[in-house]
Amino acid sequence: IYKCVLSTGCASTDNWTVATVTAETTFTSMTQDTINGVLYAGSNINGVIFKCVLSTGCASTGNWVTATDTPSNNASSMAVDVTNGAIYAGDAGGNIHKCVLSTGCASTGNWVTATSIAANTFGSMAVDSLNGVIYVADSSSAGNIYKCILSTGCISTGNWTRAFSGIDLGIMSMVEDSVNGAIYV
C-alpha cells in the first residue's frame, strides 16, 4: 500500500511512500471509517482485510493489522455505514461480510457473513445514507445490483433484494451522489 501526502501535489514518484508491506500483492478495495478514524484495505489474492488507525499516520508496516481473513480469495469492495456504525466487505465468493464498528473490527471474530448471494464477485458498494440503503454490484458478467435497507441490519439473505438486472456486463465501480440523490455505476 502506498501513501502520498496531498500537500506534496502527488505529482511524482518521489511523493509516494510505502505505507505497509504485506504478503498480499494486490489490493482491490479501500474505505475509511470517518467516525473512528480508521482506514481499511482489502486484498485480492487471499481476501485479507487490513486496518490502520489514521492517527498513527499509517506510514509503516507496524501501523497496519489484519482485521479479518475472509473465506474468499478477494475482498473486492468495501463501504462504511456511518449512520448505523458498520462496515461491509464484498468478496469473490458472493459473500458480504459485516462488522459493527464499535467492536473495533480488528479480529476475524468481529466479522460475520451478512449474506451469500449467487454472484461471482461483488466489485463495488455504495451507501445511500440519505435513504438508509446499501447497494452492492456484481462485477461478473451478470451485472446485478442488490440492495439492503440498513435498518434491517442486513445480516440475512432475506434482507437483500435484487434492485437491477440486465446489463450483462460486470459493474466495476459505484458511487453515491449525495448532491443529486443518485447512484452511478
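Use the structure listed above.
The rules we used
Residues numbered from 1 in each chain as written. Predicted model: local features only at pLDDT ≥ 70, side-chain atom pairs only at ≥ 80, totals over all residues. Heavy atoms only, no water. Helix = DSSP H or I, 4+ residues; strand = E, 2+ residues; numbered from the N terminus. Buried < 20%, exposed > 50% of the residue type's maximum accessible area, 1.4 Å probe, protein only. Contact = heavy atoms within 4.5 Å. Polar contact = N/O pair within 3.5 Å; in protein donor to acceptor, adjacent residues only side chain to side chain. Pairing = 2+ DSSP bridges.

Draft legend 1. Structural view of the environment of Ser76. With respect to the helices and strands, the residue Ser76 is situated in strand 7 (residues 75-81). The exposure class assigned to Ser76 is buried, which follows from its relative accessible area of 7%. For the pair Ser76 and Tyr88, spaced 12 residues apart in the sequence, the C-alpha separation amounts to 11 Å. Not counting residues within four places of it along the chain, the set of residues in contact with Ser76 comprises Thr28, Ser29, Gly90, Asp91, Ala92, Thr121, Phe122 and Gly123. A polar side-chain atom of Ser76 sits 2.5 Å from the main-chain carbonyl oxygen of Phe122.

Draft legend 2. Quick peek at the pairing of strand 9 (residues 95-100). Strand 9 sits mainly inside the fold: five of its six residues count as buried. With five bridges joining them, strand 8 (residues 86-91) and strand 9 adopt antiparallel strand pairing. Considered in strand 9, the bridge of Ala89 is made with His97. Here strand 8 hands over to strand 9 after three residues, with Gly94 in that stretch at a positive phi of 80°. Relative to strand 10 (residues 111-116), strand 9 is paired through five bridges, and the arrangement is antiparallel. Residue pairing for strand 10: Cys99 is matched across the bridge by Trp111.

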